[in-house]
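# A closer look at the structure
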Amino acid sequence: MSPTIVTAGIDIGTSAVKAAVVRSGQGGGRERQDAVLASRVAERIRRRDPRQVIRQCYEAALAEAGVDSKEVAYVATTGEGELCEFRVGHFYGMTAHARGALFLDPEARAAVDVGALHGRAIRLDERSKVLGYQMTSQCASGTGQFLENIARYLGVTLEEIGPLSTKGDAPEKISGICAVLAETDVINLVSRGISVPNILRGIHESMAGRLVKLLRAIRAQGVVLLTGGLATDEGLLCAMRDEVKSSWKAGAIEVRTHADGVHAGAIGAALWGAYRHERLTTKSSQKEIGA
Amino acid sequence: MSQPLSEIVDRADTLYNDIDLAQVRATKERTGHRAVGYMPIYVPREVVHAAAILPVGLMGAGDRIEVIRGDAYFQSYICQIPRSTIELALTGRLDCLDGCLFPSICDVIRNLSGMWQLLFPGKYTRYVDVPQNYERAVGGRYWEEELRHLARDMGELSGHAVRDDELRASIDVYNRNRRLLGELYRLRAEEPWRVPTWEAYLVVRAGNVLPVEEHSRMLEDYLAAARSADRPPRDQSRVVVVGSFCEQPPLGLLKTLERAGCFIVGDDLVLGARWIEGDVSLEGDPFRALSDAFLTRSVSTASRYEATAPKGQSLISTVRRTHAEGVVFCAPSFCDPALLEQPMLEQALDREGIPYTAFKYAENLGQFQVIREQAGTFADSIKLWSEP
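Residues numbered from 1 in each chain as written. Chains lettered and ligands numbered in written order. Predicted model: local features only at pLDDT ≥ 70, side-chain atom pairs only at ≥ 80, totals over all residues. Heavy atoms only, no water.

## Points about the interface of chain A and chain B
Taken together, the contact between chain A and chain B spans 30 residues of the former and 23 residues of the latter. Together chain A and chain B conceal approximately 2,400 Å² of surface at their shared face, both sides included; 48% is due to carbon and sulfur atoms. Applying the counting criterion to the chain A and chain B interface returns four salt bridges. Arg372 of chain B is paired through a salt bridge with Glu80 of chain A; the nearest N and O atoms lie 3.6 Å apart. For the pair chain A and chain B, the number of links is 14 residue pairs in polar contact (both at pLDDT 80 or more). Among the elements of the structure, strand E4 (72-79), strand E5 (89-91), helix H2 (93-104), strand E8 (130-135) and helix H8 (264-280) of chain A are those that each provide at least two residues to the side of chain A that touches chain B. No other element matches H8 of chain A, which puts five residues into the side of chain A that touches chain B. (Contact = heavy atoms within 4.5 Å. Buried area = accessible area lost by both parts, 1.4 Å probe. Salt bridge = Lys/Arg side-chain N within 4 Å of Asp/Glu carboxyl O. Polar contact = N/O pair within 3.5 Å; in protein donor to acceptor, adjacent residues only side chain to side chain. Helix = DSSP H or I, 4+ residues; strand = E, 2+ residues; numbered from the N terminus.)

Structure representation (structure tokens):
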């Protein structure tokens, strides 16, 4: 399968931009079994112009992969794609995360994408076709932005959240429905002298409760991969596993994570970009974009 | 030097947001002409124009006013456009209109014409009942008489009787406008990344309030600017939008569809401006020419009676002609014509294996997240899972 196609995926979230560069051979079809992740970069937006962050993130991903922008056959976005003026195509978040999840873990048959503002469960088949999905409602409770706010109140860094949470041995219950109520709960817990690990553990359990309900709603089975901004949060992973253990038939669900889970959307977009590039370069498909 | 694209679009956007009809008032002041409003979908604007009257398209108020008094006139199961139109009128925003035409779209618009007569007894009001019979000797004769009647009325209103040569000249002016609209739609179907639908829509809709000659110049300027704009090709799913021929979707909805990964390459927005396909003849009796054009070259749409053509034939032909990959049924809530026709169109698409999705809107809709999800997944399903 040569020559190689180089494609880039950019996942533009509310609080961070993730970019990935993927190499794959011609004729790989949807599966692209020879695809290799050449680079992945994440950059937090932090009140900057998102367009500038997107450009920086993309260029950093190209530099890490040792690729010139002219070599990139297709730049695909997911998330807030309209902010990226140099995109060729755009894929919906679920489609991109499903593809990225399958690439990172070929046994995955569901993904739980936990981002800054939403959490969503996606059921997929062995080709990464989305078979069903459920999202959290508009309230930000149970998502990354909420967790980040709480971490700031508690004076802990984002990196400390997971390890601290796993040390919690007597977690306190936090509202799982409303971010405002949950924040009030946390204030009360602090004034009652509850330890930071137990507060964080309580928050993770609350989030896990909501996310597992989504998994139940989509009738997930088998391996579930955590993706999105909180994919590598060990506190959330721990709480998810405990929640599954207590509420699901043994062995029906296995929650996994992957070191590149944060980049699943960008990776999925890049892989779909490679597939679309291949389709569009055939004569008949050229007509599809009027070229 | 050609006008920059952004300037043209900004001007069209200003006109779109001009619910007080400041542009119409200015035109009246400048020309001394009268102005007559018309509801969607089709009225023979040539006849109005020939009487030296400015035809003004009325398409509700979108999300730009809060409807309070208008709600008192309609039941909860009636669409939004008559409510906001009544609200505009009762708040004095349509005072500059010297009359109003109500084409036969549906019962709601028919009832609205009755309300208008009661609410504004001093204003000219006419229900324009188009023929249901497409034989020249029956429906043709009827429609020709209706056109002559309308011409007499317009002549009396303006004090300028419509002469045949003037009507022919007006037909010529509208033929040019229709050709330019056709050119715009062709360019969008060929290179949709050059012509975002929300932009094209604003430019087309400016024709509701601008004199037709000025609107044609705007179309020419936009076409030139769009053709030379530096807009790279994009890979999006090509769709035809159906069902938005009367109450118009909010601009945000059109933007949402495109942001979700769709290129709209065909639609029935502002359909009245493109009702006659091709030129109306400039030969012979101009009333007969207008009538013949209506009988033989009207577009296919839910509110037009078609005795012979199978339902969906025209939609499928639009899909083929524009190389569309799917159809988005996008109809206003409670729109009887659009929603009653939709199942028949869906069946026709099923037979042809053309994918489609459907949702409803109201002109004052403000939240598009659900539509974005639906359109996004639909666009992806076409791009990734349709047969190569």
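## Description of the packing of aromatic side chains
Here the structure, examined in full by the defined rule, presents 13 aromatic pairs over all chains. Relative to Tyr201 of chain B, the ring of Tyr16 of chain B lies with its centre 6.2 Å away and its plane at 75 degrees, an arrangement referred to as edge-to-face. Highlighted residues: Tyr16 of chain B in helix H1 (residues 5-16) and Tyr201 of chain B in helix H8 (residues 197-205), separated in sequence by 185 residues. Ring geometry for Tyr42 of chain B versus Trp275 of chain B: centroids 5.5 Å apart, planes at 20 degrees, classification stacked. Taken together, the residues Tyr42 of chain B in the loop between strand E1 (34-38) and helix H3 (45-50) and Trp275 of chain B in the loop between strand E6 (262-267) and helix H11 (286-297) connect sequence positions 233 residues apart. Of the two residues, Tyr42 of chain B and Trp275 of chain B, neither departs from the other in class, the shared state being buried. Taken together, Tyr42, Tyr134, Trp143, Trp275 and Phe294 of chain B form an aromatic cluster joined through their ring pairs. Directly above the ring of Trp272 of chain A sits Arg99 of chain A, whose terminal nitrogen or CZ lies 5.7 Å from the centroid. Here the guanidinium or amino end of Arg188 of chain B rests over the ring plane of Tyr185 of chain B, the centre of that ring lying 4.6 Å away. (Phe/Tyr/Trp six-rings, centres within 6.5 Å; stacked < 30°, edge-to-face > 60°. Buried < 20%, exposed > 50% of the residue type's maximum accessible area, 1.4 Å probe, protein only. Lys NZ or Arg CZ within 6 Å of the ring centre and 35° of its normal.)

## A short note on the packing of helix H3 (residues 144-154) of chain A against helix H5 (residues 179-191) of chain A
When two helices pack together, you describe them by how their axes are tilted relative to each other and by the distance separating the axes. Residue and element names in this part refer to chain A. As a packed pair, H3 and H5 sit with axes 11 Å apart at the nearest point and diverge in direction by 25 degrees. On the basis of the axis angle, H3 is roughly parallel to H5. Once H3 is placed against H5, the crossing between them reads as right-handed. Packed against H3, whose contacting residues are Phe146, Asn149, Ile150, Tyr153 and Leu154, the element H5 presents Ala179, Ala182, Glu183, Val186 and Val190 at the interface. (Axes fitted to C-alpha atoms, helices over the stretch in contact; angles between N-to-C directions. Parallel < 35°, antiparallel > 145°, perpendicular 65-115°, else oblique. Left-handed = near helix turned anticlockwise from the far one by under 90°.)

## Focus on the domain arrangement of chain A
Often, the extent of an interface is quoted as the loss of accessible area upon association of its parts. Residues and elements named next belong to chain A. The domains assigned to chain A are domain 1 (5-91 + 263-290) and domain 2 (106-257). When each unit is reduced to the centre of its C-alpha atoms, the spacing between domain 1 and domain 2 is 28 Å. Between domain 1 and domain 2, the residue contacts involve five residues of the former and eight residues of the latter. Taken over both partners, the interface formed by domain 1 and domain 2 buries close to 530 Å², and the fraction arising from carbon and sulfur atoms is 55%. Here domain 1 is connected to domain 2 by one salt bridge. The partner of Glu148 in a salt bridge is Arg44, and the shortest N-O contact between them spans 2.6 Å. Our count for the contact surface shared by domain 1 and domain 2 stands at one residue pair in polar contact (both at pLDDT 80 or more). Tallied by class, the residues present in the side of domain 1 that touches domain 2 amount to two nonpolar, two polar and one charged. (Domains from an automatic or database assignment. Nonpolar A, V, L, I, M, F, W, Y, C, P; charged D, E, K, R; others polar.)

## Comments concerning the packing of H2 of chain A against H8 of chain A
Residues and elements named next belong to chain A. Close contact between H2 and H8 brings their axes to 7 Å; oriented N to C, the two are set at 95 degrees. Comparing their axes, H8 and H2 come out roughly perpendicular. Residues Thr95, Ala96, His97, Arg99, Gly100, Ala101, Phe103 and Leu104 of H2 pack against Ala264, Gly265, Ile267, Gly268, Ala269, Leu271 and Trp272 of H8.

## Observations concerning unusual backbone geometry
Looking along the chain, the bond that leaves Pro40 of chain B and enters Ile41 of chain B is cis, with omega of 10 degrees. Position of Ile41 of chain B among the secondary structure elements: in the loop between E1 and H3. The phi dihedral of Arg32 of chain A falls on the positive side, at around 45 degrees, and the residue is not glycine. Along the chain, Arg32 of chain A falls in the loop between strand E2 (16-25) and strand E3 (36-44). Looking at Arg32 of chain A, the relative accessible area reads 2%, which means it is buried. Backbone geometry at Val270 of chain B places phi at a positive 45 degrees, although glycine is not the residue there. Position of Val270 of chain B relative to the elements: it lies in the loop between E6 and H11.

## Digging into the sheet that holds strand E9 (residues 222-227) of chain A
Strand pairing within a sheet occurs via backbone hydrogen bonds; the two strands may be parallel or antiparallel. All names here are of chain A. If you trace the five strands from one edge of the open sheet to the other, you get E8-E7-E6-E9-E10, paired in mixed fashion. The open sheet terminates on both sides in strands that have one partner only, identified here as E8 and strand E10 (253-256). Averaged over all adjacent pairs, the angle separating strand axes in this sheet is 20 degrees, with direction ignored. Examined bridge by bridge, strand E6 (residues 108-114) and E9 share five bridges and lie parallel to one another. Residue pairing for E9: Asp113 is matched across the bridge by Thr227. Docked against the sheet, helix H7 (residues 234-247) engages E6, E9 and E10, running at close to 175 degrees with respect to E10. (Pairing = 2+ DSSP bridges.)

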